[in-house]
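Spelled out, the chains give:
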Amino acid sequence: MGERSSDLIITMEDSLKKFKTKVKSVRAQARAAATAATASVSRRKPPSARVNKITDIAKSIWIDASDASTITEVDNSVEEIRDKSGNGAHLTQTTEARRPITNERTINGLNVLDLRFNQFMGNTTEFKTPINGELMVFCVAEYTGPSANENIGAIWSMQKDGHLPILNIMPYHRTQFDALVLYGSDKGYWGSYFEERPHNDPTLFTLTKNKHEPVFRMFANGQAEGQTTAKEEWRPDVMNEIFIGRNTFGKLNNTMPCGIGELIVVPFQDNRIRQMVEGYLAWKWNFPLPVNHAFKFKAPPF
């Protein structure tokens, strides 16, 4: 009887050990699953939930003419302005006569690139946008003179594989210099306007495109100015070339005299991030923001 009791006790102890081991295993698996789920949720968070500083925002290109350390120039003639996004999308001009001027024009005390007749810069190898067509473009710029010819140039333009520009911002009225957002395909071109942006009127332009909408939304100095008319012909695609001071309509280098202070392209659309970048640029370049803007009274963390 004693031997049987001992055997029973040993069997119960073994069973208890096995049970505890199984419980530990189940708990470990549960913790691992919870950790994986948390990581998955974190990965699915929108861009605005992952960043709190301007420098943390993902960018396709970041050109800053106020940062002298990014400019390579000879006697104020700019050979290159380097991309601060980390993507290597530096803008260059190898032809001396077509190089913009630095250290001669400012916007509210900060240096800008002065692009005159037949002057422009570009990158055709390192720049790219998302294939879904979603993006935000921010540009501190001003028009400084009439177009060189009837084919009006652009402050900036984006295109693919050397074809006609997909997206531009350019003046529409040659005397009033209202800005035109122009986007196109092989079927034609369509545009909408930033109204009342006259000659020598520095402006913080914002253009946004959500992958779920067929329209572009426009903002000037942080104030919504409307949206483009929806067009089925807009075809989301990777734009892999960018220029400042020109477009290539009709395969011509149509230049636009202008001053460009800063250009940022963000490869997604997010309203919180839009206001952060607008706040950064507005406080830096001294532009007024609307009273309901998130950064009207305080600049975002850099």
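Here is what the cut-offs are and how they apply
Residues numbered from 1 in each chain as written. Predicted model: local features only at pLDDT ≥ 70, side-chain atom pairs only at ≥ 80, totals over all residues. Heavy atoms only, no water. Helix = DSSP H or I, 4+ residues; strand = E, 2+ residues; numbered from the N terminus. Buried < 20%, exposed > 50% of the residue type's maximum accessible area, 1.4 Å probe, protein only. Contact = heavy atoms within 4.5 Å. Salt bridge = Lys/Arg side-chain N within 4 Å of Asp/Glu carboxyl O. Polar contact = N/O pair within 3.5 Å; in protein donor to acceptor, adjacent residues only side chain to side chain. Core = buried A, V, L, I, M, F, W, Y, C linked by side-chain atoms within 4.5 Å.

K.L.:
Which residues make up the overall build of the protein, and what are the values?
P.N.:
Scanning the protein from terminus to terminus reveals three helices and 19 strands. Going through the 302 residues of the protein one by one, you find that 47% of them count as buried. Of the contacts formed within the protein by residues at least 6 apart in sequence, a portion of 63% connects residues at least 24 apart.

K.L.:
Describe the pattern of salt bridges, naming the residues involved and giving the relevant values.
P.N.:
Throughout the structure, instances matching the rule amount to 12 salt bridges. Between Asp 67 and Lys 84 there is a salt bridge; the shortest N-O distance is 3.2 Å. Of this pair, Asp 67 sits in the loop between β1 (61-64) and β2 (71-74) while Lys 84 sits in the loop between β3 (77-81) and β4 (91-92), and the two are 17 residues apart along the sequence. Classification of Asp 67 as partly exposed rests on a relative accessible area of 21%. Residue classification places Lys 84 among the partly exposed positions, given a relative accessible area of 28%. Across the salt bridge formed by Arg 116 and Asp 114, the nearest N and O atoms sit 3.0 Å from each other.

K.L.:
So what about the side chain of Asn 123? Which residues, and what values?
P.N.:
Mapped onto the secondary structure, Asn 123 falls in strand β7 (residues 121-123). Within polar-contact distance, the side chain of Asn 123 engages the backbone nitrogen of Thr 125 at 2.9 Å. At 2.8 Å, the side chain of Asn 123 forms a polar contact with the backbone nitrogen of Glu 126. Discounting chain neighbours no more than four positions away, the residues touching Asn 123 are Gly 88, Ala 89, His 90, Leu 91, Asn 240, Glu 241 and Ile 242.

K.L.:
Describe in detail the environment of Val 112, supporting the description with residues and values.
P.N.:
Relative to the assigned elements, Val 112 resides in strand β6 (residues 110-115). Accessibility expressed as a relative area gives 0% for Val 112, which makes it buried. Considering only alpha carbons, one finds Val 112 and Ser 66, 46 residues apart in sequence, at a separation of 6.2 Å. In this view, Val 112 contacts Ala 65, Ile 101, Thr 102, Arg 105, Thr 106, Ile 107, Gly 259, Ile 260, Gly 261 and Trp 285; residues no more than four positions away in its chain are not counted.

K.L.:
Account for the nonpolar core, with residues named and values stated.
P.N.:
In this structure, Leu 113, Ile 155, Trp 156, Met 158 and Ile 244 are the most contacted members of the largest nonpolar core, which totals 35 residues. In terms of residue count, strand β8 (residues 135-143) provides more of this core than any other element does, five residues in total. Every residue in contact with Leu 113, bar those within four places of it in the chain, is listed here: Ala 65, Ile 71, Val 78, Ile 81, Ile 101, Thr 102, Met 121, Ile 244, Cys 258, Gly 259 and Ile 260.

Read these as geometric descriptors, not functional statements.
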